[in-house]
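Listed below, chain by chain, are the residues.
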Amino acid sequence: MAKFDGIVGKSLLTVEENENELTLVFGDNRFLFVRLENGKLHSESVPE
């Protein structure tokens, strides 16, 4: 998936868990936000 090419091969540094959301922090200051909305998983990679 081209959407996640920026995090492929990067080291996972930390995982933060909040209500209905996970934040994964990778090397090079890249973030992946995974959240649950209306029973469906949504993700956002920053920067893309």
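Residues numbered from 1 in each chain as written. Predicted model: local features only at pLDDT ≥ 70, side-chain atom pairs only at ≥ 80, totals over all residues. Heavy atoms only, no water.

J.: Please provide a residue-by-residue account of a nonpolar patch on the surface, values included.
T.: A contiguous nonpolar patch, built from Leu12, Val15 and Leu22 and spanning about 250 Å² of accessible area, is present on the exposed surface. Relative to the elements of secondary structure, Leu12 occurs in strand β1 (residues 12-18). (Patch = residues over 30% accessible without salt bridge, like charges linked within 9 Å, V, L, I, M, F, W, Y side chains within 5 Å. Areas by Shrake-Rupley, 256 points an atom, 1.4 Å probe, with all protein chains shown as cover. Salt bridge = Lys/Arg side-chain N within 4 Å of Asp/Glu carboxyl O. Helix = DSSP H or I, 4+ residues; strand = E, 2+ residues; numbered from the N terminus.)

J.: Pulling in residues and values, what's your account of the environment of Val8?
T.: Examined against the element boundaries, Val8 turns out to sit in the segment before β1. By relative accessible area, which is 63% here, Val8 ends up exposed. Placed 35 residues apart in sequence, Val8 and Ser43 show a C-alpha to C-alpha distance of 15 Å. (Buried < 20%, exposed > 50% of the residue type's maximum accessible area, 1.4 Å probe, protein only.)

J.: Pulling in residues and values, what's your account of the sheet that holds strand β3 (residues 30-37)?
T.: If you trace the 4 strands from one edge of the open sheet to the other, you get β1-β2-β3-β4, paired in antiparallel fashion. If you trace the sheet from one side to the other, it starts and ends with β1 and β4 (40-46), each paired once. Taken pair by pair, the neighbouring strands of this sheet meet at an average axis angle of 15°, ignoring direction. (Pairing = 2+ DSSP bridges. Axes fitted to C-alpha atoms, helices over the stretch in contact; angles between N-to-C directions.)

J.: Got a sec to walk through the pairing of β1? Specific residues and values, please.
T.: Sheet topology note: the β1/strand β2 (residues 21-26) ladder contains 6 bridges and is antiparallel. Bridge pairing in β2 links Thr14 to Val25. Linkage of β1 to β2, two consecutive antiparallel strands, is achieved through a turn of 2 residues, within which Asn20 is found at a positive phi near 65°.

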